[in-house]
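Chain by chain, the residues run as shown.
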Amino acid sequence: MTTTTASGVSQQHEANPELSARWRRATEEPVWIRWTLITIALTFLGLFLVLPLLVVLYGAFEQGLGVWFAAINEPDAWAAIRLSLLVVVIVVPINVLFGVAAAWAIAKHEFRGKPILISLIDMPFAISPVVVGLIFVILFGSQGWLGPWLAAHDIRIIFAVPGIIIVIAFGTMPFIARELIPLMQQQGKEEEEASLTLGANGWKTFWYVTLPNIKWGLIYGIILCNARALGEFGAVAVVSGRIRGETNTMPLHIEVLYNEYMFTAAFAVSSLLTGLALVTIAIKSFVEWLDERSRESTAISHEGAVS
Amino acid sequence: MKISLRHTLIGGLATLFVASASAAEIELLNVSYDPTREFYREYNAAFSKHWSELKGDEVRVRQSHGGSGSQARSVIDGLDADVVTLALAYDVDALRQQADLIPENWQSRLPDNSSPYTSTIVLLVRKGNPKNIRDWDDLVRDDVEVITPNPKTSGGARWNYLAAWGYALNKFDGDEDKTYQFISKLFQNVPVLDSGARGATNTFVQRGLGDVFIAWENEAFLSVEQLGKGEFEIVVPSVSILAEPPVTVVDKNVDRKGTREVAEAYLGYLYSDEAQRLAGQHYYRPSNPEIGKEFADSFPDVELFRIDDVFGGWQKAQDTHFNDGGKFDSILEEISRR
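Residues numbered from 1 in each chain as written. Chains lettered and ligands numbered in written order. Predicted model: local features only at pLDDT ≥ 70, side-chain atom pairs only at ≥ 80, totals over all residues. Heavy atoms only, no water.

Asker: What exactly am I supposed to notice about the interface of chain A and chain B here?
Answerer: It is common to give the size of an interface as the accessible area lost on bringing the parts into contact. With 22 residues of chain A at the contact, the number on the chain B side is 28 residues. Between chain A and chain B, roughly 2300 Å² of surface is buried when both sides are summed, and carbon and sulfur atoms account for 49% of that area. The largest per-residue losses of area from chain A upon contact with chain B belong to Gln143(A), Phe159(A) and Tyr261(A), which jointly make up 28% of the total buried on that side. For the pair chain A and chain B, the interface holds three salt bridges. (Contact = heavy atoms within 4.5 Å. Buried area = accessible area lost by both parts, 1.4 Å probe. Salt bridge = Lys/Arg side-chain N within 4 Å of Asp/Glu carboxyl O.)

Asker: How do you make sense of helix α9 (residues 161–187) of chain A when you look at a structure like this?
Answerer: Every α-helix carries 3.6 residues per turn, so stepping three or four residues along brings you back to the same face. Residue and element names in this part refer to chain A. Between its terminal C-alpha atoms α9 stretches 39 Å, which fits the 39 Å expected from 27 residues at 1.5 Å a residue. Along α9, the largest kink reaches about 35 degrees and is centred on glycine 171; proline proline 174 follows within four residues of it. Note on α9: the residue one or two positions beyond its end, glycine 188, has a positive phi of about 70 degrees. (Helix = DSSP H or I, 4+ residues; strand = E, 2+ residues; numbered from the N terminus. Expected span 1.5 Å × (residues − 1). Bend = angle between axes of the 7 residues up to and from the residue.)

Asker: In this structure, what is going on with the sheet that holds strand β9 (residues 247–249) of chain B? I would like to understand it.
Answerer: All names here are of chain B. What the four strands build is an open sheet, ordered β2-β1-β3-β9; its pairing is mixed. Of all the strands in the sheet, just β2 (59–66) and β9 have a single pairing partner and so form its edges. Taken over all neighbouring pairs, the strand axes of this sheet differ in orientation by 20 degrees on average, direction set aside. Here strand β3 (residues 83–85) pairs with β9 via three bridges, running antiparallel. When the bridges of β9 are listed, valine 84 appears paired with threonine 248. (Pairing = 2+ DSSP bridges. Axes fitted to C-alpha atoms, helices over the stretch in contact; angles between N-to-C directions.)

Asker: Is there a simple way to think about the UniProt feature "transmembrane region" (unreviewed entry) in chain A in this case?
Answerer: Sequence positions flagged by UniProt for "transmembrane region" (unreviewed entry) are, in local numbering, residues 32–61, 81–104, 116–140, 155–177, 218–241 and 261–283 of chain A. Summarising residues 116–140 of chain A: 92% helix, 0% strand, and an end-to-end C-alpha distance of 26 Å. (UniProt positions renumbered as here; feature names shortened; annotations may be inferred.)

Asker: Where do I start with the confidence of the model for chain B in this structure?
Answerer: Where the model shows low pLDDT, its predicted coordinates should not be examined in detail. All names here are of chain B. Of all residues in chain B, 93% attain a pLDDT of 70 or more, and the chain-wide mean is 87. Here residues 8–24 is a poorly scored stretch, pLDDT under 50, and it has four contacts once near neighbours within four places are set aside; other chains count. Complex prediction metrics read pTM 0.77 and ipTM 0.72. (pLDDT = per-residue confidence, 0-100.)

Asker: Before we go on, may I ask you to explain the packing of aromatic side chains in this structure?
Answerer: For any pair of aromatic rings, geometry is given as the distance between the ring centres together with the angle between the planes. Residue and element names in this part refer to chain A. By the definition in use, this model includes 37 aromatic pairs over all chains. Where tryptophan 104 meets phenylalanine 206, the ring centres are 5.7 Å apart and the plane angle is 75 degrees; that geometry is what we call edge-to-face. Placement of the pair is tryptophan 104 in helix α5 (residues 75–108) and phenylalanine 206 in helix α11 (residues 202–231), with a sequence separation of 102 residues. Looking at tryptophan 104, the relative accessible area reads 26%, which means it is partly exposed. (Phe/Tyr/Trp six-rings, centres within 6.5 Å; stacked < 30°, edge-to-face > 60°. Buried < 20%, exposed > 50% of the residue type's maximum accessible area, 1.4 Å probe, protein only.)

Asker: I keep staring at the domain arrangement of chain B and nothing clicks. Help me out?
Answerer: Residue and element names in this part refer to chain B. The domains assigned to chain B are domain 1 (2–115 + 244–271) and domain 2 (118–243 + 301–336). One C-alpha centre belongs to domain 1, the other to domain 2, and the line joining them spans 31 Å. Residue-level contacts link 10 residues of domain 1 with 14 residues of domain 2. Contact with domain 2 buries area across many residues of domain 1, yet Leu88, Tyr90 and Glu244 alone supply 54% of it, more than any other trio. Linking domain 1 to domain 2 there are one salt bridge. With a closest N to O distance of 2.6 Å, arginine 306 and glutamate 244 form a salt bridge. (Domains from an automatic or database assignment.)

Asker: So what exactly am I meant to see when it comes to the domain arrangement of chain A here?
Answerer: All names here are of chain A. Assigned domains of chain A: these are domain 1 (1–61) and domain 2 (65–306). Taken together, the contact between domain 1 and domain 2 spans seven residues of the former and eight residues of the latter. Here domain 1 meets domain 2 over a buried area of about 650 Å², counting both sides, of which 83% is carbon and sulfur. The largest share of the area that domain 1 buries against domain 2 comes from Val56, Ala60 and Phe61, three residues that together contribute 62% of it.

Asker: Just to check I follow, could you spell out the pattern of salt bridges for this structure?
Answerer: Side-chain pairs of opposite charge can arise whenever the charged atoms involved come near each other. Residue and element names in this part refer to chain B. Overall, the coordinates contain 34 salt bridges over all chains when judged by the stated rule. The closest approach of N and O atoms between glutamate 217 and arginine 285, which form a salt bridge, is 2.7 Å. With a gap of 68 residues between them, glutamate 217 in helix α9 (residues 217–227) and arginine 285 in strand β10 (residues 285–286) connect regions that are remote in the sequence. No difference in accessibility class separates glutamate 217 from arginine 285, as the two residues are buried.

Asker: How should helix α7 (residues 129–140) of chain A be read in this particular structure?
Answerer: Residue and element names in this part refer to chain A. For α7, which comprises 12 residues, the first-to-last C-alpha distance of 17 Å matches the rise-based estimate of 16 Å (1.5 Å per residue) to within 8%. Residues of α7 that are buried include every one of Val132, Gly133, Phe136, Val137 and Phe140, and no others. All buried residues of α7 project into a common sector of 140 degrees when viewed along the axis, lining one side. On its buried face, α7 sits against α8 (147–152), α9 and α12 (234–240). (Arc of directions from axis to C-beta.)

Asker: Where do I start with unusual backbone geometry in this structure?
Answerer: Not every positive phi belongs to a glycine, and Phe159(A) is a case in point at roughly 60 degrees. Mapped onto the fold, Phe159(A) is located in the loop between α8 and α9. Positive phi is not limited to glycine here, since Tyr283(B) has a value of about 70 degrees.

Listed below in structure tokens is the structure:
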């Protein structure tokens, strides 16, 4: 709704220059305020984003590509990369399943306790990662509630890969659901109802009506979830046990290297992780651009249909 | 094309799992503290070679490093350590007290209080020693700033504190009050109390705060070698504490995993000439005096006292000095009142 009003107004601007000048005066700040705001924003971005990024890249490649490659091509580093990717491959699908189910339940159905479910989904964002780790230590640790039973059945959860997957799945749980809920609520359920009255079953409705509608939001959520799963540190540090080559994820491996005074290697692995993040952001921007374009094209085709 | 891509993916995943499965010939997990990384990396290779020559089996030793106290906590919570090699007996003893993982006599099972290598506390000063710091006495001078982490949170800082305390107690012929005043004066000279040894190193080395840094001998050597060659000098005080980082097999774990024989051999081999030399190369004092002589140049003579002799053991030192309401608390209170 808001977008159409805005574009309507801008069309008026072009039609009536005097009016548009007055509009501008009313909605725009003086030049010096604009420049101050821009300077503040750019300074902050430069100091807190660009500079650290450059430092990482500089530190990584300071001693040449050969040293960078040697730091990456090392068994413990590979093990960390493999573990991080394994975590992503397992955690993201789980959270897609959960996110879609939760968003579906919240957006398309009315039931008692819905606000509680919504706040529960947000909980992993509110809890400090260290506390998340400790929760699972208390639950699965050998001094914990389930510890003795797990030990008796020789099942290892914390200080092993399953524990790492659990805490990361917990920490990244809200991303997809949070992305989908407002989207699905905004879309309402008319289209699904139409599909159902036309005789499609629930699964078909989901596949052909709901999924195409939420496609971009879902992809966006997956990208965010993926980025966070790769980067999670605090909770993993608590449950990993830091066994080199076994339970060190990439962020943990970076810390290990840093603590060993192997700064170049630490920066090299950091640059790889940063690279993955940058790729993620690039994909995200590309997805947004695609999304925009597909919306524009539907808008144009709608307009064409109207005229 | 599609098939081959799928095959590659399946193949990739398969190698991923097979690789972690087939490597499990004999695997040991050594849970250790922070400064031992370099030493154990080399020692593990040496032991692996020794064991395969002896028995023909391949041993792979996994390492886990972290703060000594938190590493002990992880083992208590179920980290599957075959052996622990921690910074202080207090932390190892927690395995017995909290989880009954090791027997009560653990420390007498290996020679030298189960400490195959030792270290001590030394003073690190800036190049040329501009404040002319020679001994503990200089640390209470008005013009000297001292960097040490907080003994409440850092194991290493407790060694620092106890080393200074032991020196003062000796100097004042056992007068507790004067010793207390001495330590209080020393902590008045500390501008920031970092929570951990690593943070304190950064404060001194990177941020350039303070005139003298109280540090582990092996860490001090490492800082001099790795962080700023020629920027720092080590000053060995006249008296210091003998830091004994003990090692032990974690009985409950090795018996469950069936790795007792290798785990015991792994720790036993730490006392071999080869391992003792490795320890010396990594700035730990070898417990074998014969090997120690080979490193006489790097380890200056210093009168070392034991925590058991001066403080009656770790448990007692902890209760008297560092627990809530202990001596260190009242020193902090006194300083904040000034």
